[in-house]
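Chain and residue survey
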Amino acid sequence: MKTYIALLRGINVSGQKKIPMDELRESLSNSGLENVQTYIQSGNMIFQSSEEKKSDLETKIHNAIKSYFGFDVPVLVLTPDKLNEIFNNSPFPQSEKEKSYFMFLYEKPDETLVSEVSQLNYPNEEFIITDNSVYFYCATGYGKAKCSNNFFERKLKVTATARNYKTMVKLLSLSAE
C-alpha cells in the first residue's frame, strides 16, 4: 500500500459543491481506497491504495464524487515525496514562505503563457511559475491579491488549486504518519 494525497478543487467554497467530509471519506472508502483521512473542509485527503497510477486514482476519486454527490470536481493526486519536493522548493525566504501560497497545476502550462505571465508585476506580490506549481507571496495578504488562483488558471489556461503554508505542513505531517 502506498500513501497518497488528493487535492480537490473548489469544494465547500461559498456554498458551492458542498461535500460533508464524513460522506466523502465513506464514499471513497467504498470505492476501494483505504485509510481515508480528510483535513479541513476544503478538499484535502490522505489515503492509501495499491494502485500505482496517479491518473487512475484521480479518475476513481472523480467518478466516486460524481456518482455520490452529483457534480464534477477536479482531482489532483500526489505522493508525499512530490508534495514535500514542491514545499521545499519554495523560492521564498522562510519568513515569506510561512505567509505564501502553493498553487498546484493539474498539468504543465504552455511555456509561452508562462513567459507572458511572468512579465506581469503587481505591487507587493511575487510569484514563480514552475512546471507543476506556482509559488505565490503577497505582502498585503491573499484576500487583497490580484494574483489569485483564478488569475493563474485564466492566464495559464490550466486548472489549479491553492493551499497555504499551514495546510502544506499539516498534509506533510499526516501523510508521514
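An account of the accompanying structure is given in this report.

Here is what the cut-offs are and how they apply
- Residues numbered from 1 in each chain as written.
- Predicted model: local features only at pLDDT ≥ 70, side-chain atom pairs only at ≥ 80, totals over all residues.
- Heavy atoms only, no water.
- Axes fitted to C-alpha atoms, helices over the stretch in contact; angles between N-to-C directions.
- Helix = DSSP H or I, 4+ residues; strand = E, 2+ residues; numbered from the N terminus.
- Parallel < 35°, antiparallel > 145°, perpendicular 65-115°, else oblique.
- Contact = heavy atoms within 4.5 Å.
- Nonpolar A, V, L, I, M, F, W, Y, C, P; charged D, E, K, R; others polar.
- Buried < 20%, exposed > 50% of the residue type's maximum accessible area, 1.4 Å probe, protein only.

Let us look at the packing of helix α5 (residues 111-118) against helix α6 (residues 149-156). Where α5 meets α6, the closest approach of the two axes is 9 Å, and the angle between their N-to-C directions is 130°. Here α5 lies oblique to α6, going by the angle between them. Along the contact surface, α5 presents L113, V114 and V117, while α6 presents F151, F152, K155 and L156. Grouping the constituent residues of the contact of α5 with α6 by class yields six nonpolar, no polar and one charged.

It is worth spelling out the environment of V158 at this point. As for its placement among the helices and strands, V158 is situated in the loop between α6 and β8 (160-164). For V158, a relative accessible area of 8% corresponds to the buried category. Distance from V158 to K108, taken between C-alpha atoms, is 7.8 Å for residues 50 residues apart in sequence. Leave out the neighbours within four places in its chain, and V158 touches L105, E107, K108, P109 and E153.

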